[in-house]
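Architecture and fold: a report
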Amino acid sequence: MTDLSSLHPKRILVCQQRQIGDVLLSTPVFEALKKRFPDAETHLFTEKKCAPLLRGNPFIDKFHLIDRKDGFFGQLAFYRRVAACRFDLVIDLQQLPRCRMMSLMSRAPVRLSFPANVLSSLLYNCLVTPEDGYASQTKVSLLAPLGIRWEGEGPRIFLTEEEKARGRALLADCGFAAGQRLIAVDSTHRRASKRWPAERYARLMRLLAEHDASFRFLLLRGPGEEADIEHLRALCKGLGLAPETMLVPEPLPDIRLSAACLAEAALLVGNCSSPRHMAAALGVPSLVIPGASGTAWRFPSPLHRELRPDLPCQPCGKTECDDPQCLLRVTPEEALSAALSLLNRAG
């Protein structure tokens, strides 16, 4: 199938599994589908951990959340329950094993994806070569047979007014006050090849504080990253940064409350991980040191910038590197200049 312009589906299933950032980047697909088929039900097949950040999205009608801890028979029963919805169109954005299984068991008359390998032509009857570019653009480009084109949509997070208020209250409990400006710092990453050294984050924070005493730093973290944050705080204190300038909410807030806190920031500075996509979804400018990460993760806007040295090996996508010059050639002084430029541009 190459032309689906006459298709009028009643139920659409989009398959997008891990990670949280990847699922967030798929939200423009739902927005585009709802614009094209306003009366259709849009369903998302994903993992339980990915759903909270998409809760409240008006373009997603129903979630189907698989628990990876379920055994084979438990997952098989899950697939059958979802398939009972009788989808007219299934869109597989990944072709991971679980996405392929869901597509196969759906028995949908139209199963759309991209040409990955020989299995693709057996499992899907509409294959589209995706466009290169921003990750959300690539995902939306698969919808071309439906008459849909990417129009610059980025990821979206829909926070309630109550959640926003809780975020502001949590920051106030940490000491954030009127007249201060918040900079979110995402210093952690499980891959060393994508993690700017903590010593450089500490130096950057010190330089920012010297430039403007009103800056306060929200230290973002995920489960199990408490030791990393304590190490960063110790480095900052060693450089003379006042403890009250560093905000670390306790206990660890859930991901939506973290998003509500991030929404109050004037800027995010960090590595290439999910907070950068959350910042784009919340309209918060971002400065990212991507290291080995590819170029498809930056939202195409002057308010989102990467510091990427011009190296012949860059980007390599490696998880380990003995000499990560893509990280080490980015200095705190260079990051300071870029951060101030973004803050000025954003007003």
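The preceding data block contains the structure.
Owing to the predicted nature of the structure, the values given are computational and were not obtained by experimental measurement.

**Some thoughts on unusual backbone geometry**
Between E250 and P251 the backbone carries a cis peptide bond, its omega angle lying at -10°. Secondary-structure assignment places P251 in the loop between β9 (246-247) and α10 (255-262). One non-glycine residue, Q95, lies in the positive phi region at around 65°. Position of Q95 among the secondary structure elements: in the loop between β4 (89-92) and α4 (97-106). Residue R107 is not a glycine yet carries a positive backbone phi of 55°. Here R107 lies in the loop between α4 and β5 (110-113).

**As for helix α9 (residues 226-238)**
For an α-helix, 3.6 residues make a turn, and residues three or four places apart therefore share a direction. In this model α9 runs 18 Å from its N-terminal to its C-terminal C-alpha over 13 residues, within 8% of the 18 Å that 1.5 Å per residue would give. For α9, every residue scored as buried is listed here: I229, L232, R233 and C236. Along the long axis of α9, the arc covered by the buried residues comes to 100°, so they all point the same way. Among the exposed residues of α9, those pointing more than 90 degrees away from its buried face are A227 and G238. Check the buried side of α9 and you find it contacts α8 (198-211), β8 (215-219) and β9. One or two steps after α9, the chain reaches G240, where phi turns positive at roughly 95°.

**Some points on the environment of I12**
Tracing the backbone shows I12 in strand β1 (residues 11-15). Not counting the four nearest positions on each side in its chain, I12 is found in contact with L33, F37, A40, E41, T42, H43, F87, L89 and I91.

**A few points about the sheet that holds β9**
Across the sheet, 6 strands lie side by side as β9-β8-β7-β10-β11-β12; this open sheet has parallel pairing. Where the open sheet ends on each side, the last strands, each with one partner, are β9 and β12 (304-306).

**Side note on the pattern of salt bridges**
According to the stated counting rule, one finds 17 salt bridges in the structure shown. The residue E230 makes a salt bridge to R233 at a minimum N-O spacing of 3.2 Å. Of this pair, E230 and R233 both sit in helix α9, separated by 3 residues, roughly a single helical turn. E230 sits in the partly exposed class, given a relative accessible area of 43%.

**Observations concerning the packing of α8 against helix α13 (residues 332-346)**
Two elements in contact, α8 and α13, have axes separated by 9 Å at closest approach and are oriented at 50°. As summarised for this structure, α8 and α13 are arranged oblique, according to the angle between their axes. For α8 against α13, the interelement crossing comes out right-handed. Contacts from R200, R203, L204, L207, L208 and H211 in α8 reach P332, E333, A335, L336, A339 and L340 in α13.

**Points about the pairing of strand β2 (residues 41-47)**
With 6 of 7 residues buried, β2 is to be regarded as a mostly interior element. Pairing between β1 and β2: 5 bridges, direction parallel. Note that in β2 the partner of V14 across the bridge is L44. With 5 bridges connecting them, β2 and strand β3 (residues 62-66) associate as parallel partners. Within β3, the position partnered with L44 by the bridge is F63.

How each quantity is defined
- Residues numbered from 1 in each chain as written.
- Predicted model: local features only at pLDDT ≥ 70, side-chain atom pairs only at ≥ 80, totals over all residues.
- Heavy atoms only, no water.
- Helix = DSSP H or I, 4+ residues; strand = E, 2+ residues; numbered from the N terminus.
- Expected span 1.5 Å × (residues − 1).
- Buried < 20%, exposed > 50% of the residue type's maximum accessible area, 1.4 Å probe, protein only.
- Arc of directions from axis to C-beta.
- Contact = heavy atoms within 4.5 Å.
- Pairing = 2+ DSSP bridges.
- Salt bridge = Lys/Arg side-chain N within 4 Å of Asp/Glu carboxyl O.
- Axes fitted to C-alpha atoms, helices over the stretch in contact; angles between N-to-C directions.
- Parallel < 35°, antiparallel > 145°, perpendicular 65-115°, else oblique.
- Left-handed = near helix turned anticlockwise from the far one by under 90°.

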